[in-house]
Amino acid sequence: MLETAIIGAGPYGLSIAAHFRRRGIPFRIFGRPMDSWLNHMPKGMMLKSDGFASNIYDPDSDFTLKDFCAQQGIEYSDAGIPVRLETFSAYGLAFGERMLPKLEDKLVVGLDRAPEGFVLRLENGETVTARRVVLAVGITHFEYVPEKLAHLPPEFLSHSFRHADPERFKGRSVAVIGGGASAIDLAAALREADADVQLVARQLALKFHSTPTGKPRSHWQQIRRPKSGLGPGLRSRFFSDAPMLFHYLPERLRLEAVERTLGPSAGWFVKDKMSRVPCLLGYTPQSAEVQDGKVRLHLRAVDGSERDVLTQHVIAATGYKVDLGRLPFLSAEIRSKIEVVKGAPVLSSAFESSVSGIYFAGLAAANSFGPVMRFAFGAGFAARRLTETMAKALAQSPASASVRSVATTAK
Ligand SMILES: Cc1cc2nc3c(=O)[nH]c(=O)nc-3n(C[C@H](O)[C@H](O)[C@H](O)COP(=O)(O)OP(=O)(O)OC[C@H]3O[C@@H](n4cnc5c(N)ncnc54)[C@H](O)[C@@H]3O)c2cc1C
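Let me begin by describing the structure that accompanies this report. (Residues numbered from 1 in each chain as written. Predicted model: local features only at pLDDT ≥ 70, side-chain atom pairs only at ≥ 80, totals over all residues. Heavy atoms only, no water.)

**A look at the sheet that holds strand β6 (residues 157-159)**
Item 1. With parallel pairing, five strands are arranged side by side in an open sheet as β6-β13-β7-β8-β9. Among the strands making up the open sheet, the edge pair consists of β6 and β9 (279-281). Averaged over all pairs of adjacent strands, the angle between strand axes in this sheet comes to 20 degrees, irrespective of strand direction.
Item 2. Here three bridges tie β6 to strand β13 (residues 313-316), and the two strands are oriented parallel to one another. When the sheet's bridge partners are listed, H159 is paired in β13 with A316. (Pairing = 2+ DSSP bridges. Helix = DSSP H or I, 4+ residues; strand = E, 2+ residues; numbered from the N terminus. Axes fitted to C-alpha atoms, helices over the stretch in contact; angles between N-to-C directions.)

Structural data, given as structure tokens:
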């Protein structure tokens, strides 16, 4: 029986696997490498996170984004030069090839209990039994669409997760709903692809990170707004550097912090591009119906005024909400036994759910370990913590000890 199966090959799955490999924890990793980045974010996008906060982690920091860029002759800076989506995706693929040659590009289509652990069914029909399973499925499966739009047929409504290629909308009218980075990035990309795009957001003003001045920061600025993996600020510093402390905060505070921290704001480098996108700010969709081959969106403003927008397609760039009920591969039995709060699993300090042997990392762990879990920057902490946990479990399990001795003899 396999010791640990990792489901997911994005920044979290890759980082966890690289740590397990180095520590000698037997595992297999399944998933489409860097799929969210390659196929579900708009081409040409820049990362919001700084260069130093956009790594995939191995225990010795042997292959950082900086190393990759140096090898490829790509301009890099820890901060100040935005990282291109294409660079980060290529880095992730290169990391996988270098650190995890046995990564299996296969989806898991079933996860159920087995006598001593779990059984995974893969898309090619193979079954794998594993004592423990780490789910690192990121944003996949968790697209959120507001109820008032959800009834529209798919030819008229999609989620931003479905759009890597804005060219598809060239010459067509599109309304992008949302005021966060996903919405702003996509609206700007659609405009560049000559789509007739407009952005509808409930905020009265769009927010952008402040443009770096290039000047060194004063001592006071460094104390007042220290640098962190989630951007400058004392709160961000706490969230990025102390996920374990965060875990011990009362539940109400944790949930509030995850909901309110790092609200909608886009990278400074999109501001110029957005000046060419018409925006309806302060408006929320109230209803939507299809009329003569178009969608009529009925919007209400904060001041109570109303207006309609006619468009060929609506894109809900309204983010992601963890809901275990949406993981299609999870058996009903496992799902019913995992304790959840607001759809997300309740996790121990070791990332373990209430079903012993099932672990979650990444977005699904945000309510337990804080907003850092929504970003690649949190993958280092998750990987270290899970590695400690698995190494301990391996040391304590008699059956696993024989696995280890076979592995050692084989070397
Ligand atoms: C538009 C946009 C911009 C963003 N910008 C940034 C940024 O600048 N910086 C940043 O840090 N974060 C950014 N994020 C957040 C980003 O999504 C996360 O940081 C990152 O993807 C987390 O990595 P992950 O490994 O948890 O998940 P993902 O990258 O989503 O990877 C999920 C993995 O799970 C796999 N998977 C899913 N289902 C299965 C299955 N059934 N079987 C096997 N494998 C499966 C997928 O194939 C994939 O490999 C952005 C998100 C969006 C939407």
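Having seen the structure, we can now continue with the description.
**Topic: the site of the ligand**
Item 1. Within the structure, the ligand sits among 32 residues, and R32, S36, K48, S49 and A376 are positioned closest to it.
Item 2. Take I139: an N or O atom from its main chain is 3.2 Å from an oxygen atom of the ligand.
Item 3. Between the ligand and H141 there is a distance of 2.9 Å, counted from a nitrogen atom to a side-chain nitrogen or oxygen.
Item 4. Contact with the protein chains covers 94% of the free accessible surface of the ligand, which is 980 Å².
Item 5. Of all the elements in the fold, those that place two or more residues in the shell around the ligand are α1 (11-23) and α2 (35-39).
Item 6. A per-element tally of the shell around the ligand places α2 first, with three residues. (Near = heavy atom within 4 Å. Polar contact = N/O pair within 3.5 Å; in protein donor to acceptor, adjacent residues only side chain to side chain. Areas by Shrake-Rupley, 256 points an atom, 1.4 Å probe, with all protein chains shown as cover.)

**Some details on unusual backbone geometry**
Item 1. One non-glycine residue, M34, lies in positive phi territory at about 55 degrees.
Item 2. Along the chain, M34 turns up in the loop between β2 (27-30) and α2.
Item 3. Relative accessible area serves as the criterion here: at 0%, M34 is assigned to the buried category.
Item 4. Phi angles above zero are rare outside glycine, and H141 is one such case at about 80 degrees.
Item 5. One can find H141 in the loop between β5 (127-135) and α5 (147-150). (Buried < 20%, exposed > 50% of the residue type's maximum accessible area, 1.4 Å probe, protein only.)

**Some points on the sheet that holds strand β12 (residues 306-311)**
Item 1. Taken in spatial order, the three strands make up an open sheet running β10-β11-β12, and their pairing is antiparallel. Looking at strand neighbours, the two that pair on one side only are β10 (283-291) and β12, the edges of this open sheet. Neighbour-to-neighbour, the strand axes of the sheet open up by a mean angle of 25 degrees, direction not taken into account.
Item 2. Pairing of β10 with strand β11 (residues 294-301) involves eight bridges; the strand directions are antiparallel. Its bridge partner lying in β11, P285 is registered against L299.

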